[in-house]
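# Structural overview
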Amino acid sequence: MKEAVVLDRVWVKFDQVVLEDISLTVQERHILSVVGPNGSGKTTLLKAILGLKDPYRGSIRVFGEEPRRAGRGVVGYLPQMNSIEPNFPVSAYDMVAFSRFAGKSLWPLLQKSEKNLVKDALERVQMGHLAERHFGSLSGGQKQRVLIARALVLKPKILILDEPSTGLDAVAQDQFYAMLRTFRDADGMTILIVSHDIGAVSGIVDEIACLNRKIHFHGRPSETIRYDALEKVFGKDIRFVFHDSNCLTCRKDS
Amino acid sequence: MSELLHMDFFVRALAMGLLLSVLFGILSFFVVLRKMAFMGAGISHTVFGGLAVGVLLNIDPFLSSLVFCMLSSFIISRLVRSGALSHDSGIGIFFSFSMGLGALLLSLRKAYTFDLSGTLFGNILGITPVDVKMTLAVTLATLPLLFVFFHRLLFMSLDETVARVSGVHTRALDSGFMLLLALVIVISVKMVGIILVTALAVLPASFSLALFRDYRKVIPCSILYCAVIIIGGLFLSYWADTPAGATMVVLGAVLYFLTLAAVHLKP
């Protein structure tokens, strides 16, 4: 199995060090979730992998290339849904078509084949029938699907998602994660999810990494995550109850 | 009022107003979506410093204010991107620095008679045939650029990070947009003045976004609204014997508030 993303002893800082000695590998065709509380460096980790923030020590490779050289079409990125202005005057179709416009040269209009790719991407996430609807008027789950289609339309090898379950109810979350599993199984896509919610992702991922400035645990969700590792990531006052496919319960007093 | 159409200065003001309607109708759309209204105010106020530099150095004030404005918008944009300054602090500092510098430099040229009121609030009598030709040239050069980069600008306005990851050269595009905005603001100062030009950068898109949720409708509506307030303001100002720039802005604001009220009161 090939390595899709490799971080080797990566250090990143703004005014102070945010990520410390991070070594992490995402295998191709795997779903890896990085979990950690707010302020643990999850978004910085994503920025580093996306080539938006350079590490001052260590190296990052995305399919063997430096993140900025990995190029368009390799990475599909899904930002946090609340980062999008709800009144932005575009439809679901427009939202997906943006990705095709991004790499245009001088002639800025879409060819018929490109329009078909946009429609196909929307159909793929069962949003074809709502293509003309104003993006801001869609439900949280529908918006998330449209944003996935926007990433898919570039036919990426890896999909990177930032807090994808925020704002989704339990049913929408289940449907959303089922869709991600399909992308992995049917398309061989690699998926990297960043989340503060360990419970939401533990049932669907191949691997979990617990991050709070450092990586405190990296393994399969079926492995028992040592309590002291969780305590370092989420703090001492948290009680954990996992209800994933393995029904693993991990509590301080157990 | 038909006699107005035989007056050269009024025809020039009409022609320039129509051209500016097209430019501001499109640019205001991005200014509002990118939440850059204060940036528009900041750029327009730096014109004052540029004009004063031109007066002091005996160079064309239009040229000096153009260079000063473009330089200011470029520096603000870079400082904000580097994280050295927040957007509003950067604009606030340049805004006041430029006004202060302008007043200081003009005080050094006591013999020079400076049309302060015209600079701040506009003076349609000062619009020359060269101004109209320059506005036409800027419009003809700008429209193809906006056509080519329209969707990329829109994508960047929506989500700069995703646009960058998807292949948009966001830094170059942002710098290009800032320079274009500075250019259009400088050429329109003669008509509406430094203080009132911000209204043209904000009102058209705000009005249209209150009515439509599709950018294909918002932009034509912005252009039409801008033309109505500029041309309507010109005729009204003649009829009521009021300053043209101020009349356009008050007319535009009243239209906007009435529309907003109608939209919100609609059952």
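Residues numbered from 1 in each chain as written. Chains lettered and ligands numbered in written order. Predicted model: local features only at pLDDT ≥ 70, side-chain atom pairs only at ≥ 80, totals over all residues.

Okay, the overall build of chain A next. Looking only at helices and strands, chain A features 8 helices and 9 strands. Buried positions account for 43% of the 254 residues belonging to chain A. (Helix = DSSP H or I, 4+ residues; strand = E, 2+ residues; numbered from the N terminus. Buried ≥ 20, exposed ≤ 12 C-beta atoms within 10 Å, placed from the backbone.)

This part takes up the environment of B:Ile187. Residue and element names in this part refer to chain B. Positionally, Ile 187 belongs in helix α8 (residues 170-211). Taking the C-beta count within 10 Å as the criterion, Ile 187 has 24 such neighbours and is therefore assigned buried. Linking Ile 187 and Met 134, residues 53 residues apart in sequence, is a C-alpha distance of 7.9 Å. When near neighbours in sequence (up to four residues on either side) are disregarded, Ile 187 contacts Met 134, Thr 135 and Val 138. (Contact = placed C-beta atoms within 7 Å.)

Here helix α4 (residues 112-124) of chain A contains 13 residues, and its C-alpha end-to-end distance of 18 Å stays within 8% of the 18 Å for a straight helix at 1.5 Å per residue. Lining the buried residues of α4(A) we find α3 (92-102) and α5 (140-152) of chain A. (Expected span 1.5 Å × (residues − 1).)

Before going further, it helps to examine the interface of chain B and chain A. In this assembly, 23 residues from chain B lie in contact with 21 residues from chain A. Elements represented by at least two residues in the side of chain B that touches chain A include exactly α6 (129-158), α7 (160-165) and α9 (215-240) of chain B. Of the residues forming the side of chain B that touches chain A, the biggest block, 7 residues, is contributed by α6(B). Of the residues that constitute the side of chain B that touches chain A, the class distribution is 14 nonpolar, 4 polar and 5 charged. (Nonpolar A, V, L, I, M, F, W, Y, C, P; charged D, E, K, R; others polar.)

Moving on, we get to the sheet that holds strand β4 (residues 57-62) of chain A. All names here are of chain A. Strands sit in the order β2-β1-β4 across an open sheet of 3 strands; the sheet is antiparallel. Whereas interior strands pair on both sides, the edge strands pair on one side only; in this sheet they are β2 (17-27) and β4. Averaged over all adjacent pairs, the angle separating strand axes in this sheet is 15°, with direction ignored. Sheet analysis places strand β1 (residues 3-13) next to β4, joined by 5 bridges and oriented antiparallel. When the sheet's bridge partners are listed, Val 5 is paired in β4 with Val 62. (Pairing = 2+ DSSP bridges. Axes fitted to C-alpha atoms, helices over the stretch in contact; angles between N-to-C directions.)

To continue, consider helix α10 (residues 244-265) of chain B. Residue and element names in this part refer to chain B. Spanning 22 residues, α10 covers 31 Å between terminal C-alpha atoms, matching the ideal 32 Å at 1.5 Å per step. Burial in α10 covers these residues: Ala 244, Gly 245, Thr 247, Met 248, Val 249, Gly 252 and Tyr 256. Those residues of α10 hidden inside the fold are in contact with α5 (116-121), α8 and α9.

All right, on to the packing of α3(A) against α4(A) then. Residues and elements named next belong to chain A. Between α3 and α4, the least distance of the axes is 9 Å, while the angle of their chain directions is 125°. Judged on the interaxial angle alone, α4 and α3 are oblique. Read as a crossing pair, α3 and α4 show a hand that is right-handed. In contact with Ala 92, Tyr 93, Val 96, Ala 97 and Arg 100 of α3, α4 contributes Glu 114, Leu 117, Val 118, Ala 121 and Leu 122. When grouped by side-chain class, the residues that make up the contact of α3 with α4 number 8 nonpolar, no polar and 2 charged. (Parallel < 35°, antiparallel > 145°, perpendicular 65-115°, else oblique. Left-handed = near helix turned anticlockwise from the far one by under 90°.)

Nonpolar side chains in soluble globular proteins generally cluster together in the buried interior. Ranked by size, the top nonpolar core spans 152 residues in total, and within it A:Val96, A:Ala149 and A:Ile160 carry the most contacts. Among the elements that line this core, the one with the most residues is α8(B), at 24 residues. Apart from residues lying up to four places away in sequence, A:Ala149 is in contact with A:Val96, A:Ala121, A:Leu122, A:Arg124, A:Val125 and A:Met127. (Core = buried A, V, L, I, M, F, W, Y, C linked by C-beta atoms within 7 Å.)

Per-chain confidence: chain B averages 88 in pLDDT, with 99% of residues scoring 70 or above. The ipTM assigned to the predicted complex is 0.85, against a pTM of 0.86. (pLDDT = per-residue confidence, 0-100.)

What follows concerns the domain arrangement of chain A. Residue and element names in this part refer to chain A. The domain architecture assigned to chain A consists of domain 1 (1-74 + 156-254) and domain 2 (85-155). With 11 residues of domain 1 in contact, the opposing surface of domain 2 contributes 8 residues. Considering each element in turn, the side of domain 1 that touches domain 2 owes the most residues, 4 residues, to helix α6 (residues 170-187). Residues belonging to the side of domain 1 that touches domain 2 are distributed by class as follows: 7 nonpolar, 3 polar and 1 charged. (Domains from an automatic or database assignment.)

Residues and elements named next belong to chain A. With 5 of 6 residues buried, strand β8 (residues 207-212) lies mostly within the body of the structure. As judged from the 5 bridges shared by β8 and strand β9 (residues 214-219), these two strands associate in the antiparallel manner. Residue pairing for β9: Asn 212 is matched across the bridge by Lys 214. Connecting β8 to the next strand, β9, in antiparallel fashion are 1 residue, including Arg 213 with a positive phi near 70°.

Attention now goes to the sheet that holds strand β3 (residues 31-35) of chain A. Residues and elements named next belong to chain A. Reading across the sheet, the 6 strands line up as β5-β6-β7-β3-β8-β9 and stay open at both edges, with mixed pairing between neighbours. This sheet does not close on itself; its edge strands, each paired only once, are β5 (75-78) and β9. The sheet shows a mean angle of 15° between the axes of neighbouring strands, taken without regard to direction. Looking at chain direction, β5 and strand β6 (residues 158-162) are connected through 4 bridges and run parallel. Bridged to Tyr 77 within β6 is Ile 160. Contacting β5 and β6, α5 crosses the sheet at an angle of about 160° to β5.

The next point concerns the packing of helix α1 (residues 8-33) of chain B against α9(B). All names here are of chain B. Direction vectors running N to C along α1 and α9 enclose 145°, while the axes themselves pass 8 Å from each other. The handedness of the crossing between α1 and α9 is right-handed. Residues Ala 13, Leu 14, Gly 17, Leu 18, Leu 20, Ser 21, Val 22, Phe 24, Gly 25, Ile 26, Ser 28 and Phe 29 of α1 touch α9, and the partners they reach there are Val 218, Ile 219, Ser 222, Ile 223, Cys 226, Ala 227, Ile 230, Ile 231 and Leu 234.

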